[in-house]
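What follows is each chain in one-letter form.
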Amino acid sequence: MVEDKPTAGPRLNRRATAATVPASLRPPLVITLACFSFLAVSGALLSGARLLGWLGGGPALGPRGLWLLLGHVAGGCLAPLPLSWFVIGHWTTARRHPNRAAVSRGRWLVGTVGGVLGSGLALVQVEGLPQLPAGGVGRTAALLLHGLLPLLAVAVYVAHRRAGPALRWGGLRWYAAAAGLATAGCLLAGGLPTRQTS
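Residues numbered from 1 in each chain as written. Predicted model: local features only at pLDDT ≥ 70, side-chain atom pairs only at ≥ 80, totals over all residues. Heavy atoms only, no water.

(A) Summary view of the overall build of the protein. From N to C terminus, the protein includes 7 helices and 0 strands. Its helices and strands in sequence order give the protein the pattern α-α-α-α-α-α-α, from N to C terminus. Here the protein, with 198 residues, has 26% of them falling under the buried criterion. Across the protein, the fraction of contacts at a sequence separation of at least 24, relative to all contacts at a separation of at least 6, is 74%. (Helix = DSSP H or I, 4+ residues; strand = E, 2+ residues; numbered from the N terminus. Buried < 20%, exposed > 50% of the residue type's maximum accessible area, 1.4 Å probe, protein only. Contact = heavy atoms within 4.5 Å.)

Below, the structure is given as structure tokens:
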């Protein structure tokens, strides 16, 4: 009597043939990745400027930094548009996918990215609208969340992708190289956007 060998569930799920990212969803995906690339680079530069300002005991941002901050806020306000387009379309094709691990991690990814955008919105100060007081516990907590959640989002994204088809690490290397070049270009153009002291 020959016993049947058990099949590996995760491997079957990983190779499921249902297309969860059809061609119609690739444009919003590319736009979303481009938006978050800009937000990551500008956020890293602004964080560096804030850290240097804190260490130096003076104002963090100079005029260039304020323009970069404005671009960062504008990017954060625009990013939910292609992101929502992609998430809604992706969810309609993936919610019943047999790879439940990928679906679960996808939910976590959406929640994490929502936390990034929500904490960023909480940090925006517009006259006439509710604001978190500068130096208060709420603003400090929002600032910490806005700095740490993107790192968690990257980890969850990689876990989400690893639960699906094999990652194309070559493409991710190009993506990381492009982000690195953008950061280097900003630095070579004039360093961190800190306020100059005489």
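The structure having been displayed, the exposition proceeds.
(B) Local environment of the nonpolar core. Leu83, Leu109, Val113, Leu117, Ala153 and Val156 form the largest nonpolar core, which has 6 residues in total. Only α5 (100-123) and α6 (137-162) provide two or more residues apiece to this core. The element that contributes the greatest number of residues to this core is α5, accounting for 3 residues. Beyond its immediate sequence surroundings of up to four residues, Leu109 is in contact with Ala153, Val156, Tyr157 and His160. (Core = buried A, V, L, I, M, F, W, Y, C linked by side-chain atoms within 4.5 Å.)

(C) View of the packing of helix α4 (residues 80-94) against α5. Their axes nearest at 12 Å, the elements α4 and α5 cross at an angle of 165°. If you check the angle between α4 and α5, you find them roughly antiparallel. The crossing of α4 and α5 is left-handed. Where α4 abuts α5, its residues Pro80, Leu83, Val87, Trp91 and Ala94 lie against Val103, Arg107, Val110, Val113 and Leu117. In terms of residue class, the contact of α4 with α5 is built from 9 nonpolar, no polar and 1 charged. (Axes fitted to C-alpha atoms, helices over the stretch in contact; angles between N-to-C directions. Parallel < 35°, antiparallel > 145°, perpendicular 65-115°, else oblique. Left-handed = near helix turned anticlockwise from the far one by under 90°. Nonpolar A, V, L, I, M, F, W, Y, C, P; charged D, E, K, R; others polar.)

(D) Representation of α5 in the model. Relative to the 34 Å expected for 24 residues at 1.5 Å per residue, α5 spans 35 Å between its end C-alpha atoms, a close match to the ideal helical length. The set of residues buried in α5 consists of Ala102, Val103, Gly106, Leu109, Thr112, Val113, Val116, Leu117, Ser119, Gly120 and Leu123. (Expected span 1.5 Å × (residues − 1).)

(E) Summary view of the side chain of Asn99. Relative to the elements of secondary structure, Asn99 occurs in the loop between α4 and α5. Judged by relative accessible area, Asn99 falls into the buried class, the value being 4%. Of note is the side chain of Asn99, whose polar atom sits 2.4 Å from the backbone oxygen of Ala163. (Polar contact = N/O pair within 3.5 Å; in protein donor to acceptor, adjacent residues only side chain to side chain.)

(F) Examining a nonpolar patch on the surface more closely. Side chains of Leu51, Leu52, Trp54 and Leu55 sit close together on the surface and give an oily, nonpolar patch of about 490 Å² of accessible area. Judged by its relative accessible area of 59%, Leu55 falls in the exposed class. (Patch = residues over 30% accessible without salt bridge, like charges linked within 9 Å, V, L, I, M, F, W, Y side chains within 5 Å. Areas by Shrake-Rupley, 256 points an atom, 1.4 Å probe, with all protein chains shown as cover. Salt bridge = Lys/Arg side-chain N within 4 Å of Asp/Glu carboxyl O.)

(G) Examining the environment of Ala74 more closely. Topologically, Ala74 is positioned in helix α3 (residues 63-78). Take Ala74: its relative accessible area is 36%, and that puts it in the partly exposed class. Spatially, the C-alpha atom of Ala74 lies 9.6 Å from that of Leu39, the residues being 35 residues apart in sequence.

(H) Local environment of the confidence of the model for the protein. For the protein, per-residue confidence averages 78 on the pLDDT scale, and residues scoring 70 or more make up 70% of the total. Low pLDDT, under 50, characterises residues 1-18; the stretch is placed with 12 contacts to residues that sit more than four places away or in other chains. (pLDDT = per-residue confidence, 0-100.)

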